[in-house]
Amino acid sequence: MRLLTQIPILILLLQAGTVMAGPQTGAVTGRVPLPTRPSGPIPVEKYTGTISGKVVAPPPQRAGVWIEGPAITAAKSPPRVVLAQQGYQFAQRLLIVPRGTTVEFPNDDNDYHNIFSLSRTKRFDAGRYKKTERPAPAVTFDKVGLVRLQCEIHDHMKAVVVVVDSPWFGVTDAAGKFKLSGIAAGNYTLRAQLDEKTQWSKPITIRPGNSTVVDFSNPAELP
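Residues numbered from 1 in each chain as written. Predicted model: local features only at pLDDT ≥ 70, side-chain atom pairs only at ≥ 80, totals over all residues. Heavy atoms only, no water.

Concerning the sheet that holds strand 10 (residues 138-141)
Heads up, the rule is: Any two strands with at least two DSSP-identified bridges between them are counted as paired. The way it works is that DSSP assigns letters per residue, a run of H or I at least four long becomes a helix, a run of E at least two long becomes a strand, and they are numbered from the N terminus. To obtain each axis, a line is fitted to C-alpha atoms, and for helices this fit is confined to the stretch in contact; angles are then taken between N-to-C directions over 0 to 180 degrees.
Overall, mixed pairing links the 3 strands, which are arranged 3-7-10 in an open sheet. Pairing within the sheet leaves two strands with one partner each, and these edge strands are strand 3 (80-82) and strand 10. Between one strand and the next, the sheet's axes are offset by a mean angle of 30°, whatever the strand orientation.

Written out as structure tokens, the structure is:
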């Protein structure tokens, strides 16, 4: 009888031990210093005949953030995403994608746009097109690195695509804050990038159930 009465207690202890073990992944949160948003109107008078609508302000600057490690690779089934042109601007100033992602560039304006890149990571020219003329051009980004995007007609339109070989990546908010979660425990390098000249990196350790904090705006945090 004594043995039988102890069995439920043993089961409860085992269940409690399982709960106490916690998740086997962790997170990293922090902040990236972003430049001040430019002010002032865009000189549209030089675009005579190529702008028939309203030119909106460029979207807020953001940085791409991702995790790197010797055994990390992007997912085998990369996504298909959209980076639209709206109000004579790219809808996002920065897009971060895993290697192998295909990006569509729809034109939501009434005038022609032309998206191209001369970057070493990816060179392409989508040609001139309106939103009603043909399907949005699509480009597959199959090499890791930064790709600068421009419009051949409206040179104020600029954006970058950051291509990473990682399943853990994201974009900061407009204040530079970020959070990456679901990261397997281990030692990695945390990277952040704004453009070709502005980037940060720091070795980090991810522990199960914990959140590592990294502030790239604090010089004391940097290696």
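That covers the picture; the talk isn't over yet.
What to know about the pairing of strand 16 (residues 199-206)
Here is the rule we go by: Exposed residues in this analysis have more than 50% of their type's maximum accessible area, buried residues have under 20%, and partly exposed residues fall in between, with area computed by a 1.4 Å probe over protein chains only.
Alternating residues of strand 16 divide into Trp-200, Lys-202, Ile-204 and Ile-206, all buried, and Gln-199, Ser-201, Pro-203 and Thr-205, none buried. Pairing between strand 15 (residues 186-193) and strand 16: 8 bridges, direction antiparallel. Residue Leu-190 lies in a different strand from strand 16, and its bridge partner there is Lys-202. Between strand 15 and strand 16, which follow one another and run antiparallel, lie 5 residues.

A closer look at the environment of Lys-54
Worth spelling out the cut-off: We call two residues contacting when some pair of their heavy atoms lies within 4.5 Å.
Mapping Lys-54 onto the fold places it in the loop between strand 1 (25-31) and strand 2 (64-68). Between the C-alpha atom of Lys-54 and that of Asp-109, which follows or precedes it by 55 residues, the distance is 9.5 Å. Aside from chain neighbours lying at most four places away, what touches Lys-54 is Gly-87 and Tyr-88.

Topic: the environment of Asn-107
What counts, and what does not: In protein, a polar contact means a hydrogen-donor-capable atom and an acceptor-capable atom, both N or O and within 3.5 Å, with residues adjacent in sequence counting only if both atoms are side-chain atoms; elsewhere, any N or O pair within 3.5 Å suffices.
Along the chain, Asn-107 falls in the loop between strand 7 (101-104) and strand 8 (113-118). Asn-107 sits in the buried class, given a relative accessible area of 3%. The residues touching Asn-107, leaving out its near neighbours within four places in the chain, are Gln-85, Tyr-112, His-113, Tyr-129, Lys-130 and Lys-131. Reaching out from Asn-107, the side chain makes a polar contact with the backbone oxygen of Tyr-129 at a distance of 2.9 Å.

Digging into the confidence of the model for the protein chain
Reading predicted coordinates in detail is not appropriate for stretches of low pLDDT. In plain terms, the rule: On a range of 0 to 100, pLDDT expresses the predictor's confidence in each residue.
With 87% of its residues at a pLDDT of 70 or more, the protein chain has an overall mean of 87. Counting interchain partners and residues more than four positions distant, the pLDDT-below-50 stretch residues 1-22 has 0 contacts.

Notes on the packing of aromatic side chains
Condition: The criterion for an aromatic pair is that two Phe, Tyr or Trp rings (for Trp, the six-membered ring) have centres within 6.5 Å, with stacked assigned to planes under 30 degrees apart, edge-to-face to planes over 60 apart and tilted to the rest.
Inspection of the entire model under this criterion finds 4 aromatic pairs. An angle of 70° between the planes, with centres 5.7 Å apart, marks the rings of Trp-168 and Tyr-188 as edge-to-face. Residue Trp-168 is found in the loop between strand 12 (158-164) and strand 13 (169-171), and its partner Tyr-188 is found in strand 15; the two are separated by 20 residues along the sequence. The exposure classification of Trp-168 matches that of Tyr-188, with both residues buried.

Quick word on the pairing of strand 1
Successive residues of a regular strand alternate their side chains across the two faces of the sheet. Most of strand 1 sits inside the fold, with 5 of its 7 residues counted as buried. Pairing between strand 1 and strand 14 (residues 177-184): 6 bridges, direction antiparallel. Within strand 14, the position partnered with Gly-30 by the bridge is Phe-178. Relative to strand 17 (residues 211-215), strand 1 runs parallel, the two sharing 5 bridges. From the neighbouring strand, Val-28 faces strand 17, where its bridge partner is Thr-212.

Digging into the side chain of Ser-119
Tracing the sequence through the fold places Ser-119 in the loop between strand 8 and strand 9 (123-129). A polar atom in the side chain of Ser-119 sits 2.8 Å from the backbone nitrogen of Arg-148. Once residues lying within four places of it in the same chain are set aside, the contact partners of Ser-119 are Leu-146, Val-147 and Arg-148.

What to know about the sheet that holds strand 16
The 4 strands are arranged 13-2-15-16 in an open sheet whose pairing can be described as antiparallel. Edge strands, defined here as strands with exactly one partner in the open sheet, are strand 13 and strand 16. With strand direction ignored, the average angle separating the axes of adjacent strands in the sheet is 20°.

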